[in-house]
Amino acid sequence: LIPQSMAYAQLAGLPAYYGLYASFLPPMAAALFGSSLQLATGPVAMVSLMTSASLGSLATAGSQGYIAYAIFLALIVGSFQFLLGVLRLGLVVNFLSHPVVNGFTNAAAIIIATSQLSKLFGVSVDSAAHHYDTIIAVVREAFHYTHWPTFFLGALAFGIMYGLKRLLPRVPNVLVAVAVTTLISWGIGFERNETVPMERIKSWHAQSLITKYNAAVESLAALSKERTEVSRALDLAGSGHDIRGLLEAEHTSNVLILNIQWIMEEAAFYKQALRRLLFKAVEQRDGTRKFFLADEFPSEARAKDPVWRIQVGNRPLKPEQLVMTGGGEVVGKIPKGLPSFEMPKLDLNIALHLLPYAAIISLLGFMEAISIAKAMAGKTGQRLDPNQELIGQGIANMLGAFTKSYPTSGSFSRSAVNLQSGAVTGLSSVFTSLVVVIALLFFTPLLYHLPQSVLAAVIMMAVIGLINVSGFVHAWKAKWYDGAISVIAFLCTLGFAPHLDRGIMVGVVLSLLVFLYKSMRPKIASLSRDEDQTFRCASTHALKECQYIAMVRFEGPLFFANASYLEDKITEIMRNRKSLRHILIVSNGINDIDASGEETLSLLVDRIRSAGVDVSLSGVNETVLEVLKRTYLREKIGEDHIFPTMEKAVSSIHPKTHRDAWEEFCPLLG
């Protein structure tokens, strides 16, 4: 739990130790209030990625504002799940069909894995508007600026985890990989940072870039502040119906937005230029170092140290305190002690912005958790209550928000470990949380030298299991349109990333459209008797039909959206079969009927009979029959024209329709 949670926190755009905060109270609360006895709750890859996607437009990843929004998001997610559970609305999760979730999960696994490439290669790039543009930039940088010790430690972690998983599956492979690579990192001095004044960087070009970058970032901050004031003016003008003031404020806002975009591009250019600068250091007699660009290094000087870079984040660089890094990136200092218990900062505007994301995270998180719980319950014979599990997950996220946790859910890998270890009650998760508490209180210094590339390897290894190509094939074999929806959801999620909500919404909308189309156009089959004496679809099985009797089977509820479709089909049958004398509407598939359906059926009976053709019903269920009784349609059709089965209907109708008629052999007779 400890290394995984730290890795997932960074995937969510948070400092690594916030994963430990999310592993403190949520697992305990979910175990005590949920229904599953073995489900391990905490940070998971999918929810972490969704958290990052939902907050990316609000604040810079890792900033104080971003952290506050992540904690607030946990509160909204928890409240949403809790309300769904209390109101017994767990079935809402069915809106996320399996093909949609399969497409989204496969795409998310690829996005999660590729998002860690920059940490694995030890390069820094800013996130682009599209995820694929970011990955292209990472690959471009990796060709020239890969930090090989970072890459080798990540690759070693991969090797340890994969090897132990294959050879010694009961050994905690993630924990071993983290322990080994952290010891190596500490032993070789993997992290090598030095704070120096700008005067020690002996490059006019580098100093000029630093000055220009700082100017761009500072002007960006000033413009952002001005934009906030203009936004207030817009709100005031709108509420006061000041048309002139509103137009002026909108014009000023548009100009500011253009200026901000231009300066952001300028700052990004200078930032990337600074990151690409490679330096070599010369040690002075007093122990200090002077830094020269690698291609401007004095020929008479000797450089024992590796290549150095300027550490550039999203804030202005301090000329008197520039951080030069000659090693790899590690987790660093983790605050000692437990997170403080405090109320998350509430903001209605932010809540409204986060609500759609919170709904998707709630449903996806719960779907993941309940799927895992059901899989384990199948092995243990435990009875699950989905609504109680929603309540448990909701309480876990709400309480977690009060202890600086971001959204959590059930974890498949940790739940499997829980089950394999012989856990039989929720107290197993309580003891797990207590171990995290002990780690937070006493062992955080041991995690200082944990390489970031190892955390990236942990994430990439964990999400490999999420890739399921057979899910696409299975969905396509079941129904081609389900397979198509799964593929479209997959492609849209990849294409729209980091806006993951758009991909899943496309899938949900397509699923609903297919459902509506199928409801409006249910299957209507003309039946005839097969060789095995059962009635089957004549067109599907190439069966000959009776000239005088049409058996029409309607599959689905008869309601306002599809009632006219039944009418059209029967009209078409009457037009094509001139010798028709009787229509039997096989009603076994009609499980419900509304006022529009009843009205259409009544008019249809009148039209059929006015055309000199009789009509009967068979297999009418009790729900539909009650409607026919209340509307007196049963009397209109006739008690002797409503049959319990198709066989009785045919045996009663056949003699009447074939009187004074010649047919060499009636296909409806056995």
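Structural data are supplied above this passage.
Residues numbered from 1 in each chain as written. Predicted model: local features only at pLDDT ≥ 70, side-chain atom pairs only at ≥ 80, totals over all residues. Heavy atoms only, no water.

### Some remarks on the overall build of the protein
Point 1. The helix and strand inventory of the protein stands at 25 helices and 13 strands.
Point 2. Based on the C-alpha atoms only, the size of the protein along its principal axes is roughly 120 × 70 × 50 Å.
Point 3. Long-range pairs, those at least 24 residues apart, make up 78% of the contacts in the protein between residues at least 6 apart in sequence.
Point 4. Surface accessibility of the protein: about 33200 Å² in total, with carbon and sulfur atoms responsible for 61%.
Point 5. Of the charged side chains in the protein, 58 are positive and 53 negative; the average position of the first set lies 7 Å away from that of the second. (Helix = DSSP H or I, 4+ residues; strand = E, 2+ residues; numbered from the N terminus. Contact = heavy atoms within 4.5 Å. Areas by Shrake-Rupley, 256 points an atom, 1.4 Å probe, with all protein chains shown as cover. Lys, Arg positive; Asp, Glu negative; His and termini not counted. Charge placed at Lys NZ, Arg CZ, Asp CG, Glu CD.)

### Comments concerning the packing of helix 9 (residues 148-167) against helix 17 (residues 452-464)
Point 1. Where helix 9 meets helix 17, the closest approach of the two axes is 8 Å, and the angle between their N-to-C directions is 40°. In terms of axis orientation, helix 9 runs oblique to helix 17. Helix-helix and strand crossings are classified by hand; for helix 9 and helix 17 the assignment is right-handed. For the pair helix 9 and helix 17, the contacting residues are Thr-150, Leu-153, Gly-154, Ala-157, Phe-158, Met-161, Tyr-162 and Lys-165 in the first and Ser-453, Val-454, Ala-457, Val-458, Met-460 and Met-461 in the second.
Point 2. Its residues placed into classes, the contact of helix 9 with helix 17 shows ten nonpolar, three polar and one charged. (Axes fitted to C-alpha atoms, helices over the stretch in contact; angles between N-to-C directions. Parallel < 35°, antiparallel > 145°, perpendicular 65-115°, else oblique. Left-handed = near helix turned anticlockwise from the far one by under 90°. Nonpolar A, V, L, I, M, F, W, Y, C, P; charged D, E, K, R; others polar.)

### Focus on helix 21 (residues 563-576)
Point 1. Under the 1.5 Å per step criterion, the end-to-end length of helix 21 is 21 Å for 14 residues, consistent within 8% with the ideal 20 Å.
Point 2. Restricting attention to buried positions, one finds in helix 21 the residues Ala-563, Tyr-565, Leu-566, Glu-567, Ile-570 and Ile-573. (Expected span 1.5 Å × (residues − 1). Buried < 20%, exposed > 50% of the residue type's maximum accessible area, 1.4 Å probe, protein only.)

### Brief notes about the packing of helix 6 (residues 98-115) against helix 17
Point 1. Where helix 6 contacts helix 17, the axes come no closer than 9 Å and their chain directions differ by 165°. When the interaxial angle is binned, helix 6 and helix 17 end up roughly antiparallel. The chirality of how helix 6 crosses helix 17 is left-handed. Contacts from Ala-109, Ile-112 and Ala-113 of helix 6 reach helix 17 at Ile-459, Met-460 and Val-463.
Point 2. When the residues that make up the contact of helix 6 with helix 17 are grouped by side-chain class, the tally is six nonpolar, no polar and no charged.

### Examining the nonpolar core
Side chains that are nonpolar tend, in soluble globular proteins, to be buried together.
Point 1. The biggest cluster of nonpolar side chains holds 97 residues, and the ones touching the most others in it are Met-6, Leu-14, Leu-96, Phe-104, Met-161, Tyr-406 and Leu-500.
Point 2. Dropping the residues within four chain positions of it, Leu-500 is found in contact with Leu-49, Met-50, Ala-53, Phe-104, Ile-111 and Thr-493. (Core = buried A, V, L, I, M, F, W, Y, C linked by side-chain atoms within 4.5 Å.)

### Brief notes about the pattern of salt bridges
Where charged atoms of side chains with opposite charge meet at close range, the side chains can pair.
Point 1. With the rule as written, the count across this model stands at 15 salt bridges.
Point 2. With a shortest N-O distance of 3.1 Å, Asp-530 and Arg-536 are connected by a salt bridge.
Point 3. With relative accessibility at 28%, the residue Arg-536 sits in the partly exposed group.
Point 4. Close ionic contact of Arg-607 with Glu-567 constitutes a salt bridge, the shortest N to O distance being 2.8 Å. (Salt bridge = Lys/Arg side-chain N within 4 Å of Asp/Glu carboxyl O.)

### So, unusual backbone geometry
Point 1. Residue Pro-498 follows Ala-497 across a cis peptide bond; omega there is 15°.
Point 2. Tracing the backbone through its elements, the reader meets Pro-498 in the loop between helix 19 (480-496) and helix 20 (500-520).
Point 3. Its identity is not glycine, yet Ala-542 carries a phi of approximately 55°, on the positive side.
Point 4. Taking the relative accessible area as the measure of exposure, Ala-542 reaches 69% and is therefore exposed.
Point 5. Residues other than glycine seldom take positive phi values, yet Tyr-632 does so here, at roughly 65°.
Point 6. Secondary-structure assignment places Tyr-632 in the loop between helix 23 (622-630) and helix 24 (633-637).

### Here's the deal with a nonpolar patch on the surface
Point 1. Taken together, Leu-338, Ile-438, Leu-441, Phe-442, Phe-443 and Leu-446 make up a surface patch of nonpolar side chains, about 580 Å² in accessible area.
Point 2. Within the secondary structure layout, Leu-446 lies in the loop between helix 16 (427-443) and helix 17.
Point 3. A relative accessible area of 60% places Leu-446 in the exposed class. (Patch = residues over 30% accessible without salt bridge, like charges linked within 9 Å, V, L, I, M, F, W, Y side chains within 5 Å.)

### Describing the environment of Ile-360
Point 1. Take Ile-360: it is sitting in helix 13 (residues 348-380).
Point 2. Between the alpha carbons of Ile-360 and Leu-96 there is a distance of 9.4 Å; along the sequence they are 264 residues apart.
Point 3. Contact partners of Ile-360, with chain neighbours within four places excluded, come to Met-50, Asp-501, Ile-504 and Met-505.

### Remarks on the environment of Tyr-565
Point 1. Relative to the elements of secondary structure, Tyr-565 occurs in helix 21.
Point 2. As a C-alpha pair, Tyr-565 and Met-520 span 45 residues in sequence and 7.4 Å in three-dimensional space.
Point 3. Look past the residues within four positions of Tyr-565 in its chain and what remains in contact with it is Met-520, Arg-521, Pro-522 and Ile-524.

### A short note on the packing of aromatic side chains
Point 1. Inspection of every chain in the model, using the stated rule, returns 13 aromatic pairs.
Point 2. Aromatic side chains Phe-291 and Trp-308 sit 5.4 Å apart centroid to centroid with 70° between the ring planes, which places their arrangement in the edge-to-face category. In this pair, Phe-291 sits in strand 4 (residues 289-293) while Trp-308 sits in the loop between strand 4 and strand 5 (309-310), placing the two residues 17 residues apart along the sequence. Here the two residues Phe-291 and Trp-308 agree in accessibility, since each one is buried. (Phe/Tyr/Trp six-rings, centres within 6.5 Å; stacked < 30°, edge-to-face > 60°.)

### Here's the deal with empty space enclosed by the protein
Point 1. Applying the stated criterion across every chain, the model contains two cavities of 30 Å³ or more.
Point 2. Around the largest cavity sit Leu-558, Ser-587, Ile-590, Ile-593, Leu-601, Leu-617, Val-620 and Val-624, which together line it.
Point 3. Here the lining of the largest cavity is composed, by residue class, of seven nonpolar, one polar and no charged.
Point 4. Its volume calculated, the second largest cavity comes out at about 30 Å³.
Point 5. Ala-30, Ala-31, Ser-36, Leu-39, Thr-41, Glu-389 and Ser-429 are the residues that line the second largest cavity. (1 Å grid on protein atoms, 1.4 Å probe; cavity = no way out; pocket = protein on both sides within 12 Å on 5 of 7 lines; lining within 4 Å. Points joined across faces, edges and corners; volume = space filled by probe spheres on them.)

### Quick notes on the pairing of strand 12 (residues 614-618)
Point 1. Across the five residues that make up strand 12, a large majority, four, are buried.
Point 2. After leaving strand 11 (residues 582-586), the chain enters helix 22 (residues 595-610) and then returns to the sheet as strand 12, a path that is right-handed.
Point 3. Pairing of strand 12 with strand 13 (residues 642-643) involves two bridges; the strand directions are parallel. Across the sheet, Leu-617 pairs through a bridge with Ile-642, a residue of strand 13. (Right-handed = clockwise from strand over helix to strand, strands pointing away. Pairing = 2+ DSSP bridges.)

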